[in-house]
Amino acid sequence: GTAQIGVTGLAVMGRNLARNFARNGFTVAVHNRTAAKTRALVEEFGGEGSFVPAESAEEFVAALERPRRLVIMVKAGEATDAVIQEFAPLLEKGDVIIDGGNAHFADTRRRERELRERGIHFVGTGISGGEEGALHGPSIMPGGSAESYASLGPLLERIAAKAPDGAPTVAHIGPDGAGHFVKMVHNGIEYADMQLIAEAYDLLRSVAGYSPARIAETFREWNRGRLGSYLIDITAEVLAHTDAATGRPFVDIVADRAEQKGTGRWTVQIALDLGVPVSGIAEAVFARSVSGHTALREASRGLPGPSPRPLGEEAAARFAARVEQALYASKIVSYTQGFHQIAAGSEEYGWNVDLGSVAAIWRAGCIIRADFLDRIREAYDSRPGLPSLLSDKRFAEEIGAAQDDWREVVATAAREGVPTPGFSASLAYYDALRAERLPAALTQGQRDFFGAHTYRRTDRPGAFHTLWGGDRSEVAAG
Ligand code: 2AM
């Protein structure tokens, strides 16, 4: 075969990825279960580059140069396994199967292990940037063996987005499921970013009394500063949009029930398993969940609470500036939590993930792309063993400078009855981490009281138990 890469599964993501490879000068074998889609792709976009359409699996495999590189772009789950089962028997040792779907990293670990036993490389890869990214340059997070990256990397570097310094937004994340794990956390952070922006909007609307158009202006202004990012940019676009049918602000005619496809939920589930506090990300997942509980919301609508009265122009402007501080500080916390989770996953599975390079490949192409990520990259590059983003001097200074306004915003939200779970949870995390003493000491006392779970002392080593039901003397335990 002559094709350097093949793509099977030609729904919009697969089709755009295949076109991206072709537009970058690669010969691309294309295949789909339903052959009509393969024909349609070549008919419509054949002029963009060199495509080799294949009707059957055998034809597809035969079209590929060796070692074969075969990208699967089907719905994550059973379809992925079905396609692997179909192609693996046709492949030879050293060939590489790439799964570009949003697979759960545990599935990727299993598939990698099974295929490795047959001498086939399996690369579970995160691809972020949606349909546009797939076509014009996504952020790519490949896992799998270093050997497979040596063969695949140069192709991915060509089709990836380019960061402001020209570097392609792709890097070998680590073995087996590392790529899909990092993509999962990327999506968790994306949930948090979106929730925090939504809370800022809600406060500007309810407390400052700004109109959606005015809030769009505010976000445009913020977008020119340290919050500069794709999500802030599109937020301004959405808020400025007017519904054609009614002439009302678009945001007012959209049903307020947020949906989810599951990667945010996975992030939180895995964080719980790993014991990593990702409270900001968790609140973002819960906020979507709450929004969808229509009956519960209906039943609770009459509960008492304050109705904010809009601030005057000057007070509103002062408040808006504070919200910017709260948003930025909370964003630092979300990324702190997300990177902590990646570090913990890397530790648990022995992936050796380079956190600086994760930040680097999120600088362009993906949904959470932001100027801010360059700062995270710098923080980890200058101190690879950084225990937490909050221990980076610059982030610590910035969050310290924001904290007064952040508290004021959270207090105002509570007083005015505006739900800000993301801002609040992030602030609680910040305060918990910086606390000299936590009430966990009392929790330990309670646990020892009802379950003899024992406790440690601040003044000497060992585990202890107090005879709560007896004379309350202390005994050494275990
Ligand atoms: P189709 O066009 O034949 O439906 C997204 O659903 C993509 O994944 C489509 O290209 C679809 O092919 C493909 N797909 C879904 N389930 C599949 C399966 N079990 N085997 C092969 N391709 C599948």
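Analysis parameters
- Residues numbered from 1 in each chain as written.
- Predicted model: local features only at pLDDT ≥ 70, side-chain atom pairs only at ≥ 80, totals over all residues.
- Heavy atoms only, no water.
- UniProt positions renumbered as here; feature names shortened; annotations may be inferred.
- Helix = DSSP H or I, 4+ residues; strand = E, 2+ residues; numbered from the N terminus.
- Rg over C-alpha atoms; globule rule 2.2 N^0.38 Å.
- Buried < 20%, exposed > 50% of the residue type's maximum accessible area, 1.4 Å probe, protein only.
- Contact = heavy atoms within 4.5 Å.
- Areas by Shrake-Rupley, 256 points an atom, 1.4 Å probe, with all protein chains shown as cover.
- Lys, Arg positive; Asp, Glu negative; His and termini not counted.
- Charge placed at Lys NZ, Arg CZ, Asp CG, Glu CD.
- Near = heavy atom within 4 Å.
- Polar contact = N/O pair within 3.5 Å; in protein donor to acceptor, adjacent residues only side chain to side chain.
- Nonpolar A, V, L, I, M, F, W, Y, C, P; charged D, E, K, R; others polar.
- Pairing = 2+ DSSP bridges.
- Axes fitted to C-alpha atoms, helices over the stretch in contact; angles between N-to-C directions.
- Parallel < 35°, antiparallel > 145°, perpendicular 65-115°, else oblique.
- Left-handed = near helix turned anticlockwise from the far one by under 90°.
- Salt bridge = Lys/Arg side-chain N within 4 Å of Asp/Glu carboxyl O.
- Phe/Tyr/Trp six-rings, centres within 6.5 Å; stacked < 30°, edge-to-face > 60°.

The name an unreviewed UniProt entry assigns to the protein is 6-phosphogluconate dehydrogenase, decarboxylating, from the organism Streptomyces qinzhouensis. According to the UniProt record, the Pathway (unreviewed entry) comment for the protein reads "Carbohydrate degradation; pentose phosphate pathway; D-ribulose 5-phosphate from D-glucose 6-phosphate (oxidative stage): step 3/3." Word for word, the UniProt comment on the protein under Function (unreviewed entry) is "Catalyzes the oxidative decarboxylation of 6-phosphogluconate to ribulose 5-phosphate and CO(2), with concomitant reduction of NADP to NADPH."

Chemist: Quick question: what am I supposed to make of the overall build of the protein here?
Modeler: Counting secondary structure elements, the protein contains 20 helices and ten strands. The C-alpha radius of gyration of the protein comes to 25 Å, within 12% of the 23 Å expected for a compact globule of 478 residues. C-alpha extents for the protein along the principal axes are approximately 75 × 70 × 45 Å. Out of the 478 residues belonging to the protein, those deemed buried represent 49%. For the protein, long-range pairs separated by at least 24 residues make up 66% of all intrachain contacts whose partners lie at least 6 apart in sequence. Total accessible area computed for the protein in this model is approximately 22000 Å², and 52% of it derives from carbon and sulfur atoms. A distance of 1 Å separates the average location of the 52 positive side-chain charges in the protein from that of its 61 negative side-chain charges.

Chemist: Would you take a moment to explain the site of the ligand for this structure?
Modeler: In the vicinity of the ligand, the residues found are Gly9, Leu10, Ala11, Asn32, Arg33, Thr34, Lys37, Val74, Ala79 and Val83. Between the ligand and Leu10 there is a distance of 3.3 Å, counted from an oxygen atom to a backbone nitrogen or oxygen. A distance of 2.9 Å is found between an oxygen atom of the ligand and a side-chain nitrogen or oxygen belonging to Arg33. Summarising the interface, the protein chains cover 75% of the accessible area of the ligand, which totals 470 Å² for the free molecule. Within the shell around the ligand, the residues separate by chemical class into five nonpolar, three polar and two charged.

Chemist: What exactly am I supposed to notice about the sheet that holds strand 8 (residues 455-456) here?
Modeler: Two pairing modes exist for strands in a sheet, parallel and antiparallel, and in both the strands are linked by backbone hydrogen bonds. With antiparallel pairing, the three strands of this open sheet are ordered in space as 8-9-10. Looking along the sheet, the strands with just one partner apiece sit at the ends: strand 8 and strand 10 (474-477). Bridge analysis of strand 9 (residues 463-466) against strand 10 gives four bridges, and the strand direction is antiparallel. Paired with Thr466 across the two strands is Glu474, which belongs to strand 10.

Chemist: Please clarify how the packing of helix 15 (residues 313-349) against helix 18 (residues 393-416) should be interpreted in this entry.
Modeler: Angle between the axes and distance between the axes: these two values describe a pair of packed helices. Between helix 15 and helix 18, the shortest axis-to-axis distance is 7 Å and the interhelical angle comes to 120°. Taken together, helix 15 and helix 18 sit at an angle that is classed as oblique. Once helix 15 is placed against helix 18, the crossing between them reads as left-handed. The residues of helix 18 that touch helix 15, namely those facing Phe319, Arg322, Val323, Gln325, Ala326, Tyr328, Ala329, Ser330, Ile332 and Val333, are Phe395, Glu398, Ile399, Ala401, Ala402, Asp405, Trp406, Glu408, Val409 and Thr412.

Chemist: Sorry, what's going on with the pattern of salt bridges here?
Modeler: In a structure, side chains of opposite charge can pair up when their charged atoms sit close to one another. The final tally for this structure, using the stated rule, is 34 salt bridges. Several salt bridges converge on common partners, so that one network encompasses Asp81, Asp99, Asp107, Arg110, Arg111 and Glu114.

Chemist: I'm lost on the packing of aromatic side chains in this one. Help?
Modeler: The description of an aromatic ring pair uses the distance of the two centres, along with the angle that the planes make with each other. Overall, the coordinates contain 16 aromatic pairs when judged by the stated rule. Taking 6.4 Å as the distance between ring centres and 35° as the angle between the ring planes, the aromatic pair formed by Tyr455 and Phe464 counts as tilted. For Phe464, a relative accessible area of 7% puts it in the buried group. Connected via pairs of aromatic rings, a cluster forms that spans Phe105, Phe181, Tyr349 and Trp351.

Chemist: Honestly, the environment of Arg248 in this entry has me stumped. Any pointers?
Modeler: Among the secondary structure elements, Arg248 is positioned in the loop between helix 10 (230-240) and helix 11 (250-253). Here Arg248 is in contact with Thr242, Asp243 and Ile253, once residues within four sequence places are set aside.

Chemist: When you look at the UniProt feature "active site" (unreviewed entry) in the protein in this model, what are you seeing that I'm missing?
Modeler: On the UniProt side, "active site" (unreviewed entry) is annotated at positions that read Lys183 and Glu190 here. Structurally, Lys183 is set in helix 8 (residues 178-206). What Lys183 contacts, discounting residues up to four positions off in sequence, is Asn102, Gly126, Ile127, Ser128 and Met141. Here Glu190 shows up in helix 8. When residues no more than four places from it in sequence are discounted, the contact partners of Glu190 are Leu231, Ile367 and Ile368.

Chemist: Explain the side chain of Thr466 here, please?
Modeler: Positionally, Thr466 belongs in strand 9. A distance of 2.6 Å separates a polar atom in the side chain of Thr466 from a polar atom in the side chain of Tyr455. Here Thr466 is in contact with Asp448, Tyr455, Arg472, Ser473 and Glu474, once residues within four sequence places are set aside.

Chemist: Hey, could you run me through the UniProt feature "binding site: substrate" (unreviewed entry) in the protein in this one?
Modeler: Within this structure's numbering, the places UniProt gives as "binding site: substrate" (unreviewed entry) are Asn102, Ser128, Gly129, Gly130, His186, Asn187, Tyr191, Lys261, Arg288, Arg447 and His453. Spatially, the listed residues are scattered: they cover 352 residues, and their C-alpha atoms lie as much as 49.0 Å apart. Checked against the element boundaries, Gly130 lands in helix 6 (residues 130-136). For Lys261, the location among the structural elements is in the loop between helix 11 and helix 12 (263-274).

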